[in-house]
Amino acid sequence: MENEVKTGIEINLFRFFKILLKKWWLIAAFAASFAAAGAIGGAVSYRPQYTSKVVFISSNRNEGEAAGSISSGDVTASSTLNSTFKYILTSDEFLTEVIRKSGADYTVKELRSDISIAVPANTLILELSVTTPSSQTSYSVARAVETSYAPYVESVKNTNLEIFSGASAAKVPDSSSDVALFGVLGFFIGAATAVIVTAVSDLLRATIRSQKDIQRELGLSVIGRVGHIKKDRRKGKKKSLLITDLSTGFGFIEAYKIIRTKVEMLAGKKGYKIIMITSAGENEGKTTAAVNLAIALGQNGKRILLVDGDLRKPAVAKALSISTAESRGLSDVIKGKISVNEAVRFIKRYGIYVLASGIADDNASELLSGKKAREFFAGIRESFDYVIVDTAPVNVVTDSIIVAGYSDGVILVVRDDATPIPFLQDAVSAVSDSGTPILGSIYNNVEKTSSPGGYSGYSGYGYGKQGYGYN
């Protein structure tokens, strides 16, 4: 089987958004962790700073002008002059004098970095701030500015720069926004990281996400798409997964009617009667698919036998909510403990015959490969229009490959975005090697955003006495 080469990256944004909603806890955990780390980092790196301020008020009026209100022209002119004053107050000459007077251990470059000058818009104010790790240093530098500035600004004619409020020593350190800032930054960085991790992880997961993927990667046709049935939150359990229950919804029921029609068409052309239902691995919904296909065929007036061929973990009886004796399964028929007529029961409410079992058998592969099993499948062929056989997953045990040898056709159940594509390809290859044709696939548990229909399926397969394998 040759597969087309898949190029590029396909991203379904709506689907990705739903994934993010499901992973909200991961995003929240990353955001909280990064926010805490950022806040701690801000607290650890915080060094107390003390600020002393000198506030000046400037004016471009001549000394001889009468006192009066300040016009808008004065404000505009003084704002322009403030730029000149700002230059003077940060000049090398002035700062050298400030260092000399304050006695601070500074270079001009260092002092300039500790001084900031703010000029509020549309005001006559010029605010000089000195911020250092020492309250005393900040105050002594600010006081030196107060006592040194006058001779340096006198050269600017027809202007005045007077002290509005003088410097005072800071009693407490400046409030730090580092903790809050780093915490907020950490929050957003953490959330972004979680989104990126989720996106990369999702892109690296090579699973089936569309009908085209099945056709392209597995080389199989899709005979039906079955939609997801959500859990009934009021009752705390899932809804029924049988098409006889109208609460499953129109789409779910119609999906199996479509599958029934296609199976009848495909099998009718070849005269197929025994149809095996399987999957590559666990949790893909094969048992529910087998049960509903059998019921759908029975509703169409066909004489149907549903066989639970999953001897290691039989589930048909549970799916149909019927009781069954432990000694009335397929393994008991093969062992000769009971006849076929005694084991097969007609379930009136479903309109189908059922050969179910309630007990697992660890010797499944030996039983299924024996002469008695071959005789059983050959014998029931003539008694029914169709025999639907639910079997174990292909890649878990060899049982289904053995049963495939007794079947006319195989239907592979593929759950949306669940099983790795290479794993599915191995299953397709294994079934193909058995010589039994694969009629197609049932695309299962499909979200509405992907394509119509779907439900969540098969419960997990264990290992040991009640599961696949041995202790």
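So, here is what we can say about the structure in this document.

This next bit is on the pattern of salt bridges. Side chains that carry opposite charge are capable of pairing whenever their charged atoms lie near each other. Summed over the entire model, instances satisfying the criterion amount to 15 salt bridges. R100 is the salt-bridge partner of E97, the closest N and O atoms lying 2.5 Å from each other. Taken together, the residues E97 and R100, both in helix α4 (residues 92-102) and 3 residues apart, mark about one turn of the helix. Overall, R100 belongs to the exposed group, its relative accessible area being 56%. Across the pair D310 and K286 runs a salt bridge whose closest N-O atoms are separated by 3.3 Å. With D310 in the loop between β9 (304-308) and α12 (316-320) and K286 in helix α11 (residues 286-299), the pair connects residues that are 24 residues apart, well separated along the chain. In this structure D310 comes out as buried when scored by relative accessible area, which is 0%. Among the residues examined, K286 registers a relative accessible area of 0% and is labelled buried.

One open sheet accounts for 8 strands, arranged β5-β14-β13-β8-β12-β9-β11-β10; its pairing is mixed. Bordering the open sheet on either side are β5 (222-227) and β10 (345-347), each of which pairs with just one other strand. When the angles between neighbouring strand axes are averaged without regard to direction, this sheet yields 25 degrees. The strands that α11 touches are β8 (274-279), β9, β11 (352-355), β12 (386-390), β13 (409-415) and β14 (438-446); relative to β12, the one it contacts most, it runs at about 165 degrees.

Take the packing of helix α10 (residues 250-270) against α11 next. Where α10 contacts α11, the two axes come as close as 9 Å, and the packing angle between them is 75 degrees. In terms of their interaxial angle, α10 and α11 are classed as roughly perpendicular. Here F252, Y256, I259, R260, V263 and E264 of α10 come into contact with α11, specifically with T288, A289, N292, L293, A296, L297 and Q299.

A word on the pairing of strand β1 (residues 50-59). Counting buried positions along β1 gives 8 out of 10 residues, so the element sits mostly inside the fold. Pairing geometry for β1 and strand β3 (residues 125-132), over 8 bridges, is antiparallel. Note on β3: the bridge partner recorded for T51 is T131. Inspection of the sheet shows β1 paired to strand β4 (residues 160-165) by 5 bridges, in the antiparallel sense. Among the inter-strand pairings, V55 is bridged to a residue of β4, identified as S165.

With that settled, the discussion passes to empty space enclosed by the protein. Under the criterion given, the structure shown has 2 cavities of 30 Å³ or more. The calculated volume of the largest cavity comes to roughly 40 Å³. Looking at the largest cavity, the residues that line it are T324, R328, A343, R345, V354, L355 and A356. Taken together, the residues of the lining of the largest cavity break down into 4 nonpolar, 1 polar and 2 charged. Taken as a whole, the second largest cavity encloses approximately 30 Å³ of empty space. In this structure, the second largest cavity is lined by D308, D310, L311, P314, S331, S357 and I359. For the lining of the second largest cavity, the residue count by class is 3 nonpolar, 2 polar and 2 charged.

Bringing the environment of D308 into the picture now. Within the secondary structure, D308 is located in strand β9. Placed 49 residues apart in sequence, D308 and S357 show a C-alpha to C-alpha distance of 6.8 Å. With residues near it in sequence (within four places) discarded, D308 still touches P314, A315, V316, L330, L355, A356, S357 and D390. For D308, the side chain forms a polar contact with the main-chain nitrogen of V316, separated by 3.0 Å.

What follows covers the packing of α4 against helix α6 (residues 135-148). Relative orientation of the contacting elements α4 and α6 amounts to 120 degrees, with a least axis distance of 8 Å. Overall, the two elements α4 and α6 adopt an arrangement that is oblique. Crossing angle aside, the handedness with which α4 passes α6 is right-handed. The residues of α6 that touch α4, namely those facing F94, E97, V98, K101 and S102, are S140, V141, A144, V145, T147 and S148. Tallied by class, residues from the contact of α4 with α6 come to 5 nonpolar, 4 polar and 2 charged.

Calculation notes
- Residue positions are given per chain, counted from 1 along the sequence in the order it is written.
- pLDDT decides what is reported in this predicted model: residues at 70 or higher carry local features, side-chain atom pairs at 80 or more are listed and counted, and totals for whole chains, interfaces and linings draw on all residues regardless.
- The side-chain values count all of the structure's non-hydrogen atoms but skip hydrogen atoms and water molecules.
- By definition, a salt bridge exists where a carboxyl oxygen of Asp or Glu is found within 4 Å of a side-chain nitrogen of Lys or Arg.
- Strands are runs of DSSP state E lasting at least two residues, helices are runs of H or I lasting at least four, and both sets are numbered from the N terminus onward.
- Under the scheme applied here, a residue whose accessible area is under 20% of the maximum for its type counts as buried, over 50% as exposed, and between as partly exposed, the area being computed with a 1.4 Å probe on protein chains only.
- Any two strands are treated as partners once DSSP identifies two or more bridges connecting them.
- Where helices are involved, their axes are fitted lines through C-alpha atoms of the stretch in contact, as for all axes, and angles between N-to-C directions lie from 0 to 180°.
- Note on contacts: a residue pair qualifies if any of its non-hydrogen atoms lie within 4.5 Å across the two residues.
- Roughly parallel means an angle under 35 degrees; roughly antiparallel, over 145; roughly perpendicular, 65 to 115; everything else is oblique.
- Each cavity reported here is a set of points on a 1 Å grid over the protein atoms alone in which a 1.4 Å probe fits but cannot get out, each pocket an open set with protein on both sides within 12 Å along at least five of seven lines, and each lining residue one with an atom within 4 Å of a point.
- Grid points are joined across faces, edges and corners, and a volume is the space filled by probe spheres set on the points.
- As a working rule, the residues Ala, Val, Leu, Ile, Met, Phe, Trp, Tyr, Cys and Pro are called nonpolar, Asp, Glu, Lys and Arg charged, and the rest polar, with Gly in that last group.
- Under the rule applied, a polar contact is a pair of N or O atoms within 3.5 Å (in protein, one hydrogen donor and one hydrogen acceptor; residues adjacent in sequence only if both atoms are side-chain atoms).
- Two helices crossing with the near one rotated counterclockwise from the far one by less than a right angle form a left-handed crossing, whereas a clockwise rotation gives a right-handed crossing.

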